[in-house]
Structure formats: C-alpha cells, structure tokens
Amino acid sequence: MKSGLNNAIFKTNGSQSDKDISVDTNFPFQVFPKIIQEIILDLNTNQGFIVDYTASAMIYAISVAIGNTYKIEFKRDWTQSALVYIALNGPAGSAKTHPLKWVLKPIIKKDKEEQLKYNQEYFKYQECIQKLSKDDDSIYESPKESRLQINNSTIEKIPKIHSENPRGLGYYSQELMNFIGNLNRYNNGDNLPYWLENFDNTTRRTDTVKEITPLNYYEQYISIIGSIQTEICFDMLKGNRKYNGFFERWLYTMPTNQNFAQENDREIKLETINNWNKILNRILDIPFEVGSNPILLKFSPEAKNKYLKWQHKNANIITQKNDETLAKIQKKIQQYTKRLALIFEILEWSCNQSSKTSISLNAVNSAIKVSEYFRKNAIIIYNEAKRRNLEKGNSNKVENKNLLFELLPESFQTSDAIELVQKGKINISERTVNNYLNDKNLYNCLGHGLYQKNRM
C-alpha cells in the first residue's frame, strides 16, 4: 500500500459560529459548552494561554474525572471508555505546561487532601502495630491512598497504585520525552507493552514477587498527558513504535500560533476559576463503587447515524487512496471519536446541558470536529518524519558511495568490494555494492567483474 499522507483528502465545512470568534487557533473550541468557551477565552486573553493547550488539557482532565464510571456501548458488547493519550506539541518555551497546571488544579487539590488523610491514617496504623504484643493476633489492614493522578512512577509500582484506585488514574508527565525515554528502560522493555495494553482499557490482574497477596482485578484506565518539543516528537515514530500502533494511539496538539506571548496586567475573572472548579468537581463526584460495572451510554439514533455517515465517507476515501498508514491513523481516530463523544456528553451534563442518558447528536458532532483536528496533526507529524528520514537516507547513500570509492584501489574486482562489506569496513549490502559499481561516473568496467576508478 502507499504511504504518502495528504490532509487535503479530508475536508469539512466550518460552521458560521466558527467565523464569529477571532482567535488565532485551529482547535475547534466552539464545540465546548458556552461556559467552557468563556473560560478558555478568558485564559487566552488575560493569561496568554494558547487555546489548543487549554482545550486539550481540559479533555484530559475530564477523561481522568470520568475514569471507569461511564462507558459508551456503541453496539452490543462493543464498548469504549473515555481514556486518552495527549501530547502537547510545540517548540521549547511555548508555555505548554502553564495551561495544563491551571486546568489540573482541582485534581491536584483533591490528591493533596487525600494524601493528608492517608498520612494521618497511616500514622494511626503504625501506632496500633507498635502496641501489639507478640501473642496478639489482631489484624490491622494497612490504609490505602486514594488518588487521581501519578507522576513518573515506575512500571513496577503502577499496578499496585492502580489496583488500589480502580476508578482510574491520570499520568501527568511534564516532559513527555522522559516518559518515552523510559518505555524500554525497565524490566527488559515491559513499559511499552503495558501502555499499549492500557490504551484498550483491558481487565488486568498483576502478580508480583514483592506482593504477599495477589493484586485485585481492575480495568486499566490511565489517561496520559505531557508536553513535548517539536523535534523530540518525531521519536514517537522511531523503532518498533512506527509499526506497533504506539504513534497512532496519541492525540497531538499543535497550535498554529506560536508567537512569543506579550505579558499584560489583566486578571482572569473569579468566575473563570469558580466555574471550572464546579464543572470538573461535579464529574469527579460521580459515584464509583469498587467491583461495580461502568454505566453504559448508547448513541441516540441520530447520533449513531451521524457517526456512521462520517465513518463511511472516510472509509471510502482511504479505500481509494489505498494508504496503509492513513488507515492506521483513521482507525485510532475512530476510537477516539467515540471516546470524545462520551467526554463531551459528560461535560455537557456537568454544565447542565444534558441529562446523561445517551450520547447526543451534539456530542458526536463535537467529537468529530475535535477528532479531525487531531487527525490533521498526526498526518503533519508523520509526513515531516517521513521527509526527514528520506533526506537522511539520501545523505547516507551519498556518504556510503563516496566511502566505497575511497576504500577501493584504483583497479579492483567485484570480490574486492564485497570483501569490504564482509569485513565491516562499510555498512551496506552486497546488492548495494553492485548498484554502486554500475555508476559510470565513478567506475569504468574493464571486463566481467573487473573495474577501474574513473578519476575524470
């Protein structure tokens, strides 16, 4: 199959509302409820937060807040969670982390409160243990820390934390390159398979040598977000990650406006702070009982019809293009469209615009527009990585051709050139040697297998 991607093959018509708001962004933030739009615009105007980063951070925060409480049931026994992997892509110094930290404040506040509670309970637990006599058979269960988010935890520790917090978690890595760099660092490369599996929200039970008792079953749910510099972003396509679906599992945020922000003395509104806290905390307060199944939301008939028309149109485009890479990206984007529809439905409920009984047409429309934004960015990254690899390959080809010319004597046989390859003097194949020797600008063929350098 072909591998050249072109964003032009996917086109959508912008709505009138898209033209009414003059903000330098490609992110379709108008799909958010009006109160969320006002928060995003206030942060953009008075804090200098780039719209794309704020909106993406909100999607992550809502995903973490939902956790395993709700899922979409697209068809019988075909479900999707709200789990997301988001990479905030941009050059160094583009203020990627400031919007993220602001958006995550309600989650961090809850985690701090739970940590304080855990410390107090653990102190009491230690006091009880120390007071036990040798013949006292009383059993005191060690307290467990409730949490919503983890940072830079090792793969050995994560299953225990997750099993104690089956509602779900978020993984916030301020510099995503650290997360990527650790993928094959521990346990002979167990990190990458874990995160590939986690994406699918699978049921897991982990037995470890260090744990006396096996960990409880839990449905993997760890959403991830982090910032990454543009140059490092291409590492997402290095090695096996180019083929195992790791690259396609991510949503890439790429703002069009990367101008250096001018500071001002304007303040954000108190309503902005209060409204975001209320909206996210309402989702965080959705009840979750350990051992219970997630509540399933089905698509309304008009919402499913809208999604299927969109999917069929894109399926026809990909079939015509016969593009394997484009198909891989679109397949994951279709998963994300369902997940984003769930996120928008729960968000609309939190903003008092939905009863949360089914996935509405509005939620699907919002999910499609946001999915197309992220799909466009994935295609841009893939095309740029491919261009760079092609340039690198051409450069290596010239270097190897020149090196072979310098290593060979003035007159030589084909076997002399092959011997250089076999001895590791030059890192090319024997077939490539024969191709290079056919370059009449470099070599004159004097007879079968006999050559002379062309110094002209």
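Our subject in this report is the structure included herewith.

1. Considering the overall build of the protein chain
When helices and strands are tallied, the protein chain shows 15 helices and 13 strands. Going through the 456 residues of the protein chain one by one, you find that 47% of them count as buried. Nonlocal contacts in the protein chain, meaning residues at least 24 apart in sequence, comprise 74% of its contacts between residues at least 6 apart. Put simply, the protein chain shows about 24300 Å² of open surface, and 47% of that area lies on carbon and sulfur atoms.

2. With respect to the side chain of S163
Within the secondary structure, S163 sits in helix α6 (residues 158–164). Since its relative accessible area comes to 12%, S163 is described here as buried. In this structure the side chain of S163 is engaged in a polar contact, spanning 2.9 Å, whose partner is the backbone oxygen of K160.

3. Section: helix α5 (residues 105–131)
Here α5 spans 39 Å end to end across 27 residues, near enough to the 39 Å set by a 1.5 Å rise per residue. Along α5, the residues classified as buried are P106, I107, D111 and Y125. Of the surrounding secondary structure, the elements contacted by the buried residues of α5 are α3 (51–66), α4 (97–103), β4 (149–150) and α10 (270–284).

4. Focus on the packing of aromatic side chains
Scanning the entire structure with this criterion turns up 25 aromatic pairs. Following the ring pairs from residue to residue traces out a cluster consisting of Y85, Y171, F179, Y194, W195, F199, F246, W250 and Y336. Over the ring of W349 we find R282; its NZ or CZ atom is 4.0 Å from the centre of that ring. Stacked on the ring of F405, the Lys or Arg K453 has its end atom at 4.8 Å from the ring centre.

5. A short note on the packing of helix α14 (residues 414–422) against helix α15 (residues 430–437)
The geometry of α14 relative to α15 is characterised by a closest axis approach of 10 Å and an angle of 140° between their N-to-C directions. Taken together, α14 and α15 sit at an angle that is classed as oblique. Considering only the axes of α14 and α15, their crossing is right-handed. Every residue of α15 that contacts α14 at T414, A417, I418, V421 and Q422 is listed here: E430, V433, N434 and L437.

6. Observations concerning the sheet that holds strand β10 (residues 295–298)
With mixed pairing, the three strands of this open sheet are ordered in space as β2-β1-β10. Each edge of the open sheet is held by one strand with a lone partner, namely β2 (78–80) and β10. Across the sheet, the mean angle from the axis of one strand to that of its neighbour is 40°, orientation sign disregarded. Pairing of strand β1 (residues 70–75) with β2 involves three bridges; the strand directions are antiparallel.

7. Topic: a positive patch on the surface
Positive charge collects at one region of the surface, where K306, K309, K313 and K369 lie side by side. Ranked by residues supplied to the positive patch, first place goes to helix α11 (residues 301–321) with three residues. Position of K313 relative to the elements: it lies in helix α11. We classify K313 as partly exposed; its relative accessible area is 39%.

8. Considering the pairing of strand β5 (residues 169–175)
Here β5 lies mainly inside the structure; five of its seven residues are buried. Inspection of the sheet shows β4 paired to β5 by two bridges, in the parallel sense. Note on β5: the bridge partner recorded for I150 is Y171. Regarding topology, α6 serves as the crossover connection from β4 to the parallel β5, and that connection is right-handed.

9. Side note on the nonpolar core
Core analysis: the biggest nonpolar cluster contains 111 residues, and F32, I36, I59, W195, W250 and W276 have the highest contact counts within it. Those residues within four positions of I59 in sequence are excluded, and the remaining contacts are F27, F32, V84, I86, L340, I343, V370 and F374. Membership of the second largest hydrophobic core comes to 16 residues, among which are F412, Y436, Y443 and Y451.

10. Looking at the packing of α10 against helix α12 (residues 324–350)
When two helices pack together, their arrangement is given by the angle between the helix axes and by the axis-to-axis distance. It is at 9 Å that the axes of α10 and α12 come closest, and there the two elements cross at 115°. The handedness of the crossing between α10 and α12 comes out as right-handed. Judged by residue contacts, I279, R282 and I283 of α10 engage I346, L347, W349 and S350 from α12. The residue makeup of the contact of α10 with α12, split by class, is five nonpolar, one polar and one charged.

11. Description of the pairing of strand β3 (residues 85–90)
With respect to burial, β3 is a largely interior element, six of its six residues being buried. Across the two faces of β3 the burial is the same, with Y85, A87 and N89 and I86, L88 and G90 all buried. Of the pairings in the sheet, the one linking β3 to strand β8 (residues 222–229) comprises six bridges and is parallel in character. Note on β8: the bridge partner recorded for L88 is S227. Here β3 pairs with strand β9 (residues 251–253) via three bridges, running parallel. Each residue of the ladder has a partner; that of A87, found in β9, is Y252.

Cut-offs applied
Residues numbered from 1 in each chain as written. Predicted model: local features only at pLDDT ≥ 70, side-chain atom pairs only at ≥ 80, totals over all residues. Heavy atoms only, no water. Helix = DSSP H or I, 4+ residues; strand = E, 2+ residues; numbered from the N terminus. Buried < 20%, exposed > 50% of the residue type's maximum accessible area, 1.4 Å probe, protein only. Contact = heavy atoms within 4.5 Å. Areas by Shrake-Rupley, 256 points an atom, 1.4 Å probe, with all protein chains shown as cover. Polar contact = N/O pair within 3.5 Å; in protein donor to acceptor, adjacent residues only side chain to side chain. Expected span 1.5 Å × (residues − 1). Phe/Tyr/Trp six-rings, centres within 6.5 Å; stacked < 30°, edge-to-face > 60°. Lys NZ or Arg CZ within 6 Å of the ring centre and 35° of its normal. Axes fitted to C-alpha atoms, helices over the stretch in contact; angles between N-to-C directions. Parallel < 35°, antiparallel > 145°, perpendicular 65-115°, else oblique. Left-handed = near helix turned anticlockwise from the far one by under 90°. Pairing = 2+ DSSP bridges. Patch = residues over 30% accessible without salt bridge, like charges linked within 9 Å, V, L, I, M, F, W, Y side chains within 5 Å. Salt bridge = Lys/Arg side-chain N within 4 Å of Asp/Glu carboxyl O. Lys, Arg positive; Asp, Glu negative; His and termini not counted. Charge placed at Lys NZ, Arg CZ, Asp CG, Glu CD. Right-handed = clockwise from strand over helix to strand, strands pointing away. Core = buried A, V, L, I, M, F, W, Y, C linked by side-chain atoms within 4.5 Å. Nonpolar A, V, L, I, M, F, W, Y, C, P; charged D, E, K, R; others polar.

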